[in-house]
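Okay, here's what each chain looks like letter by letter:
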Amino acid sequence: MEIIDAIILGIIQGLTEFLPVSSSGHLELGKAILGDNSVPEESLLFTVVLHFATALSTIVIFRKDILDLIKGALKFEWNDDLQFISKIAISMIPAVIVGLFFEEQLESLFGGNILLVGCMLIVTAVLLFLADKAKNTEKKVSFQNAFVIGISQAIAMLPGISRSGATISTSVLLGNDKTKAARFSFLMVVPLIFGKIAKDVLSGDLTYDSGNFTALSIGFVAAFVAGLFACTWMISLVKKSKLSYFAIYCVVVGIIAIVYSLLN
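Keep in mind it's a predicted model, so treat the numbers as computed, not measured. (Residues numbered from 1 in each chain as written. Predicted model: local features only at pLDDT ≥ 70, side-chain atom pairs only at ≥ 80, totals over all residues. Heavy atoms only, no water.)

**Some words on the overall build of the chain**
No. 1: The helix and strand tally for the chain stands at 12 helices and 0 strands.
No. 2: When the helices and strands of the chain are listed from N to C terminus, the series reads α-α-α-α-α-α-α-α-α-α-α-α.
No. 3: Taking 2.2 N^0.38 as the reference for a compact globule, 264 residues should give roughly 18 Å; the C-alpha atoms of the chain span a radius of gyration of 18 Å, in line with that estimate.
No. 4: Across its three principal directions, the C-alpha atoms of the chain cover 50 × 40 × 35 Å.
No. 5: A total of 264 residues make up the chain; the buried ones form 47% of that total.
No. 6: Accessible area for the chain stands at about 12,800 Å²; split by element, carbon and sulfur atoms hold 70% of it. (Helix = DSSP H or I, 4+ residues; strand = E, 2+ residues; numbered from the N terminus. Rg over C-alpha atoms; globule rule 2.2 N^0.38 Å. Buried < 20%, exposed > 50% of the residue type's maximum accessible area, 1.4 Å probe, protein only. Areas by Shrake-Rupley, 256 points an atom, 1.4 Å probe, with all protein chains shown as cover.)

**Re helix 7 (residues 114–132)**
No. 1: A rise of 1.5 Å per residue sets the reference length of helix 7, with its 19 residues, at 27 Å; its end C-alpha atoms lie 27 Å apart and thus fit the reference within 8%.
No. 2: Burial in helix 7 covers these residues: I114, L116, V117, G118, M120, L121, T124, A125, L128, A131 and D132. (Expected span 1.5 Å × (residues − 1).)

**Here's the deal with the pattern of salt bridges**
No. 1: Under the counting rule described, the total for this entry stands at 2 salt bridges.
No. 2: Put simply, K64 and D68 hold a salt bridge, and the shortest N to O gap is 3.1 Å. Separated by 4 residues within a single helix, K64 and D68 lie in helix 4 (residues 63–73), roughly one turn from each other.
No. 3: The salt bridge partner of D65 is R183, with a shortest N-O separation of 2.7 Å. Of the two residues, D65 sits in helix 4 while R183 sits in helix 10 (residues 178–203), which places them 118 residues apart along the sequence.
No. 4: Since its relative accessible area comes to 22%, D65 is described here as partly exposed. (Salt bridge = Lys/Arg side-chain N within 4 Å of Asp/Glu carboxyl O.)

**Focus on the nonpolar core**
No. 1: Within the largest apolar cluster, 42 residues are counted, with the highest numbers of intra-cluster contacts made by L29, I88, I168, F184, F186 and M234.
No. 2: For this core, the secondary structure elements donating two or more residues are helix 5 (80–101), helix 7, helix 8 (143–155), helix 9 (163–173), helix 10, helix 11 (213–239) and helix 12 (243–263).
No. 3: No other element matches helix 10, which puts 7 residues into this core.
No. 4: Not counting the four nearest positions on each side in its chain, F184 is found in contact with F84, K87, I88, S91, V141, A146 and I149. (Core = buried A, V, L, I, M, F, W, Y, C linked by side-chain atoms within 4.5 Å. Contact = heavy atoms within 4.5 Å.)

**A word on the packing of aromatic side chains**
No. 1: Inspection of the entire model under this criterion finds 9 aromatic pairs.
No. 2: On the basis of an interplanar angle of 75° and a centroid distance of 5.4 Å, the ring pair of F18 and F186 is categorised as edge-to-face. With F18 in helix 1 (residues 3–18) and F186 in helix 10, this residue pair connects regions lying 168 residues apart in the sequence.
No. 3: Site record: aromatic cluster; members linked through ring pairs are F52, F194, F220 and F224.
No. 4: Directly above the aromatic system of F143 lies the positively charged group of K87, at a separation of 5.3 Å from the ring centroid. (Phe/Tyr/Trp six-rings, centres within 6.5 Å; stacked < 30°, edge-to-face > 60°. Lys NZ or Arg CZ within 6 Å of the ring centre and 35° of its normal.)

**Some words on helix 11**
No. 1: Given a rise of 1.5 Å per residue, 27 residues ought to cover 39 Å, and the 39 Å separating the end C-alpha atoms of helix 11 matches this to within 8%.
No. 2: Directly beyond the C-terminal end of helix 11, a positive phi value near 55° is found at S241.

**Description of the side chain of S169**
No. 1: Tracing the backbone through its elements, the reader meets S169 in helix 9.
No. 2: Residue classification places S169 among the buried residues on the basis of a relative accessible area of 0%.
No. 3: Excluding its chain neighbours within four sequence positions, the residues that come into contact with S169 are L127, L128, A131 and S164.

**Remarks on a nonpolar patch on the surface**
No. 1: Judged by side-chain polarity, I93, V96, I97, L100, F101, F102, F147, I151 and I155 come together as a nonpolar surface patch covering roughly 820 Å² of accessible area.
No. 2: Ranked by residues supplied to the nonpolar patch, first place goes to helix 5 with 5 residues.
No. 3: On the basis of relative accessible area, I97 is assigned to the partly exposed category, the value being 39%. (Patch = residues over 30% accessible without salt bridge, like charges linked within 9 Å, V, L, I, M, F, W, Y side chains within 5 Å.)

**Quick look at unusual backbone geometry**
No. 1: The backbone phi angle of F76 is positive, close to 55°, even though this residue is not glycine.
No. 2: Within the secondary structure, F76 sits in the loop between helix 4 and helix 5.

**Some points on the confidence of the model for the chain**
No. 1: Mean pLDDT over the chain stands at 85; residues scoring 70 or higher make up 90%.
No. 2: Looking across the chain, the model is least confident in helix 2 (residues 23–34), with a mean pLDDT of 71, and most confident in helix 8, with 95. (pLDDT = per-residue confidence, 0-100.)

The following block contains the structure:
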């Protein structure tokens, strides 16, 4: 992989992991545009590295929240912190089920399926538009909400459906406070990312070539820095109800992707 390609894909992953425009969809589009010729094993390793970078950027942004949750949980009381962690665990159930039992079917949808990406980006746009029109509240995410949000996260495993867009939109449409919805959305994905990374590493499917070290390192840094910026920006945008701008973007890119796929 060329250095410039690693930088571009790293930035795409870092920005789109948090901005509601689908990181998986944009990585598929990016690979199609750049003509990614890497073998599946190399592509998988690069994807894992980029996801690790964005997970790390989430931890940096929410380091205080995470430390507070850990301290609260260690009190071994049914307090707000332990309840929040329990809600995170509940939200993971649908995605874990999909990942364990439907992994092959899910992976078959990747690998240049630009038409699907385009259609799902338009679905993302509809979700964002609806969420942007919802009224803000002071309501916290409930246990029942956590499971429903988890279902939306599982659906967002499809290329083109934005994970952050789907989970934040679902949470807001359920009547939850927008800031709390964004916080829950970003924190709920961290254990899933590390779980997926551990699964890929233990599976033995990852192959490492020392010749790719530079590209992997630069891609990691690009995704990490872009993730820090995008996460902070996204929290501000959700508060200000500015998601409709991303809805328009998703419609435009979705239409372009659909037309591109039909002409090629």
